[in-house]
Amino acid sequence: MSELLPVLKYPDPFLRRRAAKADPASADVRAMAARMVATMFDQNGLGLAATQVGWDARVAVVSGTGRPGDEIVIINPEVVDAWGSEAREEGCLSFPGVAAVITRRKGVKVRYTTLDGTVREIEDDGMLGRCCLHEIDHLDGVTFLSKMTPADKLANRRALKALEDRAADRASA
Ligand SMILES: [Zn+2]
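Conventions we followed
- As a convention, each chain's residues are numbered from 1 in the sequence order in which they are written.
- Predicted model: local features are reported for residues with pLDDT of at least 70 only, side-chain atom pairs are reported and counted for 80 or more only, and whole-chain, interface and lining totals are derived from all residues.
- As a rule here, side-chain values come from all non-hydrogen atoms in the structure, and water together with hydrogens is ignored.
- At least two DSSP bridges between two strands are needed for those strands to be called paired.
- Counting from the N terminus, the helices are the DSSP runs of H or I reaching at least four residues and the strands are the DSSP runs of E reaching at least two.
- Axes here mean lines fitted to C-alpha atoms, for a helix over just the part in contact, with angles spanning 0 to 180 degrees between N-to-C directions.
- Any two residues whose heavy atoms approach within 4.5 Å are treated as being in contact.
- Put simply, a nonpolar core is a bunch of buried Ala, Val, Leu, Ile, Met, Phe, Trp, Tyr and Cys residues held in one set by side-chain atoms that sit within 4.5 Å of each other.
- Relative accessibility decides the category of a residue: with a 1.4 Å probe and only protein chains considered, values under 20% of the type maximum give buried, values over 50% give exposed, and everything between is partly exposed.

Draft legend 1. Structural context of the sheet that holds strand β6 (residues 107-113). Taken together, five strands build an open sheet; the order of strands is β1-β2-β3-β6-β7 and the sheet is antiparallel. Strands at the two margins of the open sheet, each flanked by one partner only, are β1 (47-49) and β7 (119-124). Taken over all neighbouring pairs, the strand axes of this sheet differ in orientation by 35° on average, direction set aside. Sheet analysis places β1 next to strand β2 (residues 59-62), joined by three bridges and oriented antiparallel. Residue pairing in the sheet places Ala49 in a bridge with Ala60 of β2. In the packing of helix α1 (residues 27-42) onto the sheet, contacts are made with β1, β2 and β3 (72-83), and the angle to β2 comes to roughly 35°. Set on the sheet, helix α2 (residues 127-139) makes contact with β1, β2, β3, β6 and β7; between it and β2 the angle comes to about 155°.

Draft legend 2. Local environment of the nonpolar core. Membership of the largest hydrophobic core comes to 35 residues, with the highest contact counts inside it found for Met36, Val53, Trp55 and Val59. If you tally residues by element for this core, the top one is α1, at seven residues. Setting aside residues up to four positions removed in sequence, Trp55 forms contacts with Phe14, Asp28, Val29, Met32, Met36 and Ala50. With eleven residues, the next largest nonpolar core counts Val98, Ile102, Phe144 and Met148 among its residues.

Draft legend 3. Up close: the environment of Arg158. Locating Arg158 in the fold gives a position in helix α4 (residues 157-172). Of the residues examined, Arg158 reaches a relative accessible area of 69% and is grouped as exposed. C-alpha of Arg158 to C-alpha of Ile122: the two residues are 36 residues apart in sequence and 36 Å apart in space.

Take a look at the structure:
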């Protein structure tokens, strides 16, 4: 069992970092990816990006179901095609207690490198595709907060304020 990683919470500035390209051949990437998979399942997430665990690398774990075994480690992912549009509720492990309806492309084709160094594609118009878009946003330093409607920001204001206050308390402690 891989050692779990602490997940950074909003408003940690690392969540706004655009991650650097990763080398799939590096032992570091393999070890960290295993820890990210363990952390994602431990927290019942459908996805986790390296920037959420303070790691500056274009690596994410995605899953369409949240069931162990269904996870895919995507290295240096890129959206190569996208179509349609759909609004659906999302959560994020970096925003506990926050949920919002986010409009994204419905279908997506994502090209990525596997841990074996093979280039593969995911084509999906369900949860897995949405999850890829959410995680690729993280790798670009973008969280779902910037895609929320003003109404959803308002509806989540207490939870967001609580996270900001917790960070401020920690900084002054
Ligand atoms: Zn997220």
